[in-house]
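# Working through the structure, step by step
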Amino acid sequence: MSRKLALAGVLSCVATSAHAQATRPAVPAEQAPKPAAEKPVTPEDLDTEVEAITITASGKPYGAVMGDIPPEETFSAADVRSFGVSSITDLLTELTPQTTSGLGGDPVVLLNGRRISGMGEIRDIPTEAIQRVEILPEEVALKYGYSADQKVVNVVLRQRFRAATVEGQVGGSTAGGQLSEMANYSRLQLNRQGRTNIAVKVQNSDRLLESDRDLISRNESGLYDLVGNIGPALPGASQIDPALPVAVAGAPSSAASGRPALSAFTPNLANTSDLSDSRTLLPENQQLSINSVTNRYILDNVSATLNLGLTASRNNSLLGPARARLVIPAGDPFSPFSQPVALYRYLGELAPLEQTSRNLAGHAGFTLNRDTETLRLSLTGNYDHAISKTQTDRGVDLTSVQTRLTALDPTLNPFAPLSGLSLTRDRARSTTDTADLQFVANGALAKFKAGDLSTTFKLGVTGTKLEAKSFRGGVEADSDQSRGDLNTQVSFDLPLASRRKGVRAGIGDLSANLNLAARQISDFGTLTTIGGGLNWSPVKPVSFIVSMTRQENAPSIAQLGNPLVTTPDARVFDYVRGATVDVTRISGGNPNLKAEERNVLKLGASFKPEKIQGLSLTANYTRVRIDNPVAGFPAATAAVEAAFADRFTRDADGNLTRIDSRPVNFAKRESEQIRWGLNFSRQIGRTPPPPPGGWRGRQGVGGQRQDGASVPGAELLRRSPGGATGRTYPRAAA
């Protein structure tokens, strides 16, 4: 309350001083003009907090981005609330159709028109703290040192805000299975000194079994079963026994309790079992994340932000029961056969095989922003450390069981539950360390009649190290990958015509941009990028953008050096034979990948009719050609198998047994896209009045108090910024 009174006092002094310097005579009381009718209160008024009176020549609102390219979309605080989401992360998800670039890049996110070190700085901010959100075209990204294939999302926060949020969520499918729970605590405080944000999030998702969807899961070989099936043991043999001349026979369930008769075996009919209770469609998952952000002003005019985060997660999948193939010799006390036979059975007495992955990731980031009279400077840094462990059960060690069978152990019934077996496992571990430092400077390199030659210079360095170790089938393999990336970028934005400055005003506003970038990657050499474009607005509500870019990209270090992971009994559909089969899937990195080259042409147009507030129309055409594109391995269709025959393995009978699904280079990818759309935002109904006693109710909107009296000096709040003097008055504190 005392701070608001201070603002009223300051404004009163300013108004009194202005009155004392007036030279015209006072207007007699009887001739005093009638007060002008108050302007109707709009939703935008109620969402605007008067915290500082900043008078600038540009007339740009607080938190606006650099340059003169207008936003494609602007969402007010009321618009943001209408999405019904609770965090910036959820809001960006809802805005995906508007923020998706036709050039393929993820959007760049700015905070109050400034660079941030990463999404960790803003992901947990509640949407109630947002003043507005602007979506801008890809060309704006160049002004901040980013590439020209990313749209820009500028999030502008309220300058004062405080909230503590507790959120819980329970969800599940209407068909049952995989119940998920989430709990989130977040605390945020915004004020003149900076901002503080801390968030803790816990998530859990139950596993979804095949049986939860009424799937019947069977082994495709037709031999393995929970009770067991008998087949020939000798190489080249076509029958089990002279007395049972068939290739397969189902074992009776009574065999688990004693020696069965030969007639108890079912000739030419294998036993089958439903395995859906021991196989998952979706894994069990638990995750804990902690994130903290602190922003303060240091050295008087440097905005400093520190972001610390920690995330731990665990995933567990069921792969089905372990399998056993045992050779039962002739003369075994539990075998009625006169010659050796092979027993195929699932070990249902053991827990299902599992694949478990554990991940731990820590993050530290900082941002330093400073404005001088001629430059806008930004320095960001990040360090990430991630550990990933994967353990996959392959089966059980049957060596001791087979030795006892060969020795005709009278106490070992191969049809009965087996005990004392040890699991054989594959293990993989990877450790990734990534650090980067980016410096960006923006300023006017030269001044021309139509405007300043805006120049952005970026210099950055990134280092990544990947250590991987795997143990598969008793063989241990190590892999160490590291990469250094020195990158630099410079972009120029030159105004050629300006309506506001009266330079070639007949053609409207016209500017040209050029960007050059180079990357020196330690394991790939030098990669370059060159691009340019035009931005033209012949009349105020209409704008056009043309741009061309040629960019070279290298595969990521993970795509090159991730450890090999072998997953047995992965279920896929064999498009060649039209059947579902169990295969061994190989995943991980591919060290033989090549760099890709991307060529992009973009044409864009936008229209915002002044007579229809809240309506905007956009249309974009993009043509992209990529040579040697890097991609994950596609679905194993017949055409894919024909193109990558060395990635598929089949046995002598043509059955698919193995798929290598590591990343690949395609020869070429071409695409043309036309995206158009409209966005219309308008409030339905009347805005409810502010609560009695609230600070807005006491201070009022437009300088009017709740009791109808005017706040002294309120006319300064309503003064148009066109008469700019560049002066900033003290803020009113809450």
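Calculation notes
- Residues numbered from 1 in each chain as written.
- Predicted model: local features only at pLDDT ≥ 70, side-chain atom pairs only at ≥ 80, totals over all residues.
- Heavy atoms only, no water.
- Helix = DSSP H or I, 4+ residues; strand = E, 2+ residues; numbered from the N terminus.
- Buried < 20%, exposed > 50% of the residue type's maximum accessible area, 1.4 Å probe, protein only.
- Pairing = 2+ DSSP bridges.
- Axes fitted to C-alpha atoms, helices over the stretch in contact; angles between N-to-C directions.
- Phe/Tyr/Trp six-rings, centres within 6.5 Å; stacked < 30°, edge-to-face > 60°.
- Lys NZ or Arg CZ within 6 Å of the ring centre and 35° of its normal.
- Core = buried A, V, L, I, M, F, W, Y, C linked by side-chain atoms within 4.5 Å.
- Polar contact = N/O pair within 3.5 Å; in protein donor to acceptor, adjacent residues only side chain to side chain.
- Contact = heavy atoms within 4.5 Å.
- Patch = residues over 30% accessible without salt bridge, like charges linked within 9 Å, V, L, I, M, F, W, Y side chains within 5 Å.
- Areas by Shrake-Rupley, 256 points an atom, 1.4 Å probe, with all protein chains shown as cover.
- Salt bridge = Lys/Arg side-chain N within 4 Å of Asp/Glu carboxyl O.
- Lys, Arg positive; Asp, Glu negative; His and termini not counted.
- Charge placed at Lys NZ, Arg CZ, Asp CG, Glu CD.
- pLDDT = per-residue confidence, 0-100.
- 1 Å grid on protein atoms, 1.4 Å probe; cavity = no way out; pocket = protein on both sides within 12 Å on 5 of 7 lines; lining within 4 Å.
- Points joined across faces, edges and corners; volume = space filled by probe spheres on them.
- Nonpolar A, V, L, I, M, F, W, Y, C, P; charged D, E, K, R; others polar.

## Describing the overall build of the protein
The number of helices and strands found in the protein is eleven helices and 33 strands. Taken over 734 residues, the protein has a buried fraction of 42%.

## Focus: unusual backbone geometry
Unlike most non-glycine residues, N112 shows phi in positive territory, near 55°. Take N112: it is sitting in the loop between β2 (108-111) and β3 (130-136). In the Ramachandran plot, N268 falls in the positive-phi region, its phi being about 55° despite a non-glycine side chain. Relative to the helices and strands, N268 is located in the loop between β11 (266-267) and β12 (280-282). Residue classification places N268 among the exposed positions, given a relative accessible area of 56%.

## Here's the deal with the sheet that holds strand β10 (residues 249-250)
What the five strands build is an open sheet, ordered β11-β10-β9-β16-β15; its pairing is antiparallel. Either end of the sheet is taken by a strand with one partner, and the two such strands are β11 and β15 (323-328). Judged from the two bridges that link them, β10 and β11 form a sheet pairing that is antiparallel. Following the sheet pairing, A249 is matched in β11 by P267.

## Description of the sheet that holds strand β25 (residues 565-574)
Pairing within the open sheet is mixed, and its four strands lie in the order β25-β26-β31-β30. A single partner strand is all that each edge strand has here, and the edge strands are β25 and β30 (648-650). Along the sheet, successive strands turn relative to each other by an average axial angle of 25°, direction set aside. Pairing of β25 with strand β26 (residues 579-587) involves eight bridges; the strand directions are antiparallel. From the neighbouring strand, F573 faces β26, where its bridge partner is T580.

## Some details on the packing of aromatic side chains
Counting across every chain of the model gives ten aromatic pairs. Where Y224 meets Y344, the ring centres are 5.4 Å apart and the plane angle is 90°; that geometry is what we call edge-to-face. Here Y344 lies in strand β16 (residues 341-346) and Y224 lies in the loop between β8 (208-209) and β9 (229-232), a separation of 120 residues in the sequence. Here Y224 matches Y344 in class, with each residue buried. Three or more aromatic residues joined by ring pairs make a cluster, and in this case those are F633, F644, F648 and F666. When the ring centre of Y224 is taken as reference, the NZ or CZ atom of R323 above it lies at 4.8 Å.

## Quick look at the nonpolar core
Nonpolar side chains tend toward joint burial in soluble globular proteins. Counting residues in hydrophobic clusters, the biggest one holds 23 residues, and the most contacted among them are I130, V133 and V155. Those elements that provide at least two residues to this core are α4 (88-94), β2, β3, β4 (152-157), β5 (161-171) and β6 (180-191).

## Some points on the side chain of Q150
Assignment of secondary structure puts Q150 in the loop between α6 (139-143) and β4. Separated by 3.1 Å, the side chain of Q150 and the backbone oxygen of D106 make a polar contact. A distance of 3.1 Å separates a polar atom in the side chain of Q150 from a polar atom in the side chain of S147. With sequence-adjacent residues up to four places away left out, Q150 is seen in contact with G105, D106, V108, P137, E138 and A141.

## Thoughts on the pairing of strand β18 (residues 375-396)
Where a strand is regular, its side chains alternate between the two sheet faces. Sheet topology note: the strand β17 (residues 353-371)/β18 ladder contains 17 bridges and is antiparallel. Residue pairing for β18: A361 is matched across the bridge by A386. Following β17, the chain reverses through three residues before pairing antiparallel with β18. With 21 bridges connecting them, β18 and strand β19 (residues 423-448) associate as antiparallel partners. Each bridged residue has a counterpart across the sheet, and for G395 the counterpart in β19 is T424.

## Here we look at a positive patch on the surface
On the surface, a cluster of positive charge is made up of R358, K389, R429 and K469. Within the secondary structure, R429 sits in strand β19.

## Regarding the confidence of the model for the protein
Across the protein, pLDDT averages 83, with 84% of residues at or above 70. Below pLDDT 50 for its whole length, residues 46-57 participates in 46 contacts with residues either more than four positions away or in separate chains. Low pLDDT, under 50, characterises residues 695-734; the stretch is placed with 84 contacts to residues that sit more than four places away or in other chains.

## Some words on the environment of M548
Residue placement: M548 occurs in strand β24 (residues 542-553). It is 6.4 Å that separates the C-alpha atoms of M548 and K602, two residues lying 54 residues apart in sequence. Residue contacts for M548: discarding those within four places in its chain leaves I530, G531, G532, V600 and L601.

## What to know about the pairing of β2
Burial along β2 is two-sided: V108 and L110 and V109 and L111, pointing in opposite directions, are all buried. Two elements, β2 and β4, share four bridges in a ladder whose sense is parallel. Looking at the pairing, V109 lines up with V153 of β4.

## Points about empty space enclosed by the protein
By rolling a water-sized probe across the atoms, one finds the places where empty space is left. Enumeration according to the criterion identifies eight cavities of 30 Å³ or more in this entry. Quantified by volume, the largest cavity comes out at close to 110 Å³. Elements with a minimum of two residues in the lining of the largest cavity: β24, β27 (596-607) and β28 (615-627). Ranked by residues supplied to the lining of the largest cavity, first place goes to β27 with four residues. By volume, the second largest cavity amounts to about 90 Å³. Surrounding the second largest cavity, 14 residues form its lining, E139, K143, F492, D493 and N513 being those nearest its centre. Those elements giving two or more residues to the lining of the second largest cavity turn out to be α6, β20 (451-472), β21 (475-497) and β22 (509-521). Looking at side-chain class alone, the lining of the second largest cavity contains three nonpolar, eight polar and three charged residues.

## Observations concerning the pattern of salt bridges
Under the counting rule described, the total for this entry stands at 29 salt bridges. E284 is the salt-bridge partner of R207, the closest N and O atoms lying 3.2 Å from each other. With R207 in the loop between β7 (194-205) and β8 and E284 in strand β13 (residues 284-298), the pair connects residues that are 77 residues apart, well separated along the chain. Judged by its relative accessible area of 27%, R207 is partly exposed. R345 is the salt-bridge partner of E349, the closest N and O atoms lying 3.0 Å from each other.

## As for a nonpolar patch on the surface
Together, L437, F439, F457, L459, V461 and L486 give the surface a local cluster of nonpolar side chains, amounting to about 490 Å² of exposed area. Those elements that place two or more of their residues in the nonpolar patch are β19 and β20. Considering each element in turn, the nonpolar patch owes the most residues, three residues, to β20. Tracing the backbone shows L437 in strand β19. With a relative accessible area of 37%, L437 lands in the partly exposed category.

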